[in-house]
Amino acid sequence: MAERPEDLNLPNAVITRIIKEALPDGVNVSKEARRAISQAASVFVLYATSCANNFAMKAKRKTLNAGDVMSAMEEMEFERFLQPLREALEAYKKGQKGKKEASEQKRKDKEKKSSTDENDKSRDEEEEEHMDDEQEGENEGEEEDVEN
């Protein structure tokens with residue numbers, strides 16, 4: 001765990017992107033203001049995490065979950081952010097479910113292709129053996145003709 005909040009800064013590129021998305025075009029933000037926003041965001045994350053951890057500890061769990069974060073937001077008096085947070089969480093879950101389904105479908109397709117390839121390979125091997133057997137039979141017939 002970090003000893004000082006300053007040790008836990010969010011990446012500047014992320015902070016800059018968030019700031020740009022939040023403000024109208026043409027609004028400039030000084031380097032000092034970006035630094036202050038970055039510090040405030042870090043403090044907020046630390047405080048929210050600490051509050052959420054308290055809810056997990058009360059429930060005798062070591063893992064924070066989304067419910068803990070929601071409860072922490074309420075405790076920190078950020079109720080107006082609960083609905084957008086729920087919506088974002090739901091969108092995330094749907095995205096993860098879609099990724100999982102796509103991954104499973106990809107795996108099934110790969111297995112199906114592998115199974116088809118194996119069947120084709122077995123069929124080819126059988127045909128090869130059959131052709132070898134026929135050729136051996138022809139060769140034996142030729143040998144008998146040569147002996148006669």
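Computed from a predicted model, the values in this text were never measured in an experiment.

## Quick notes on the packing of aromatic side chains
Inference 1: Overall, the coordinates contain two aromatic pairs when judged by the stated rule.
Inference 2: Summarising the aromatic geometry, the rings of Phe44 and Phe78 are spaced 5.4 Å apart at their centres and angled 85 degrees between planes, so their arrangement reads as edge-to-face. Of this pair, Phe44 sits in helix H2 (residues 31-58) while Phe78 sits in the loop between helix H3 (66-75) and helix H4 (82-147); the two residues are 34 residues apart in sequence, bridging distant segments of the chain.
Inference 3: According to the relative accessible area criterion, Phe44 is partly exposed, its value standing at 32%.
Inference 4: What makes Phe78 partly exposed here is its relative accessible area of 28%.
Inference 5: Within the aromatic cluster, the residues linked to one another by ring pairs are Phe44, Phe78 and Phe81.

## Structural notes on the confidence of the model for the protein
Inference 1: When pLDDT is averaged along the protein, the result is 83; 78% of the residues meet or exceed 70.
Inference 2: Considering each helix and strand of the protein separately, the mean pLDDT is smallest for H4, with a value of 75, and largest for H3, with 95.

## Some details on the side chain of Ser38
Inference 1: Considering the arrangement of structural elements, one finds Ser38 in helix H2.
Inference 2: Using a relative accessible area of 1% as the deciding quantity, one classes Ser38 as buried.
Inference 3: For Ser38, the residues in contact, after removing those within four places along its chain, are Leu10 and Ile15.

## Here we look at the nonpolar core
As a rule of thumb, soluble globular proteins bury nonpolar side chains together.
Inference 1: If you look at the biggest cluster of nonpolar residues, it comprises eight residues: Ala48, Cys51, Ala52, Met70, Ala72, Met73, Met76 and Leu82.
Inference 2: Contributions of two or more residues to this core are made by H2 and H3.
Inference 3: Beyond its immediate chain neighbours, meaning those up to four positions away, Leu82 contacts Met70, Met73 and Glu74.

## Notes on H3
Inference 1: Buried within H3 are the following residues: Asp68, Met70, Ala72 and Met73.
Inference 2: Where H3 terminates, the next one or two residues include Glu77, which has phi positive at roughly 65 degrees.

## Some details on the side chain of Ser42
Inference 1: Here Ser42 lies in helix H2.
Inference 2: Owing to a relative accessible area of 3%, Ser42 belongs among the buried residues under this scheme.
Inference 3: The residues touching Ser42, leaving out its near neighbours within four places in the chain, are Leu8, Asn9 and Leu10.

Reading the values: rules and limits
- Residues numbered from 1 in each chain as written.
- Predicted model: local features only at pLDDT ≥ 70, side-chain atom pairs only at ≥ 80, totals over all residues.
- Heavy atoms only, no water.
- Phe/Tyr/Trp six-rings, centres within 6.5 Å; stacked < 30°, edge-to-face > 60°.
- Helix = DSSP H or I, 4+ residues; strand = E, 2+ residues; numbered from the N terminus.
- Buried < 20%, exposed > 50% of the residue type's maximum accessible area, 1.4 Å probe, protein only.
- pLDDT = per-residue confidence, 0-100.
- Contact = heavy atoms within 4.5 Å.
- Core = buried A, V, L, I, M, F, W, Y, C linked by side-chain atoms within 4.5 Å.

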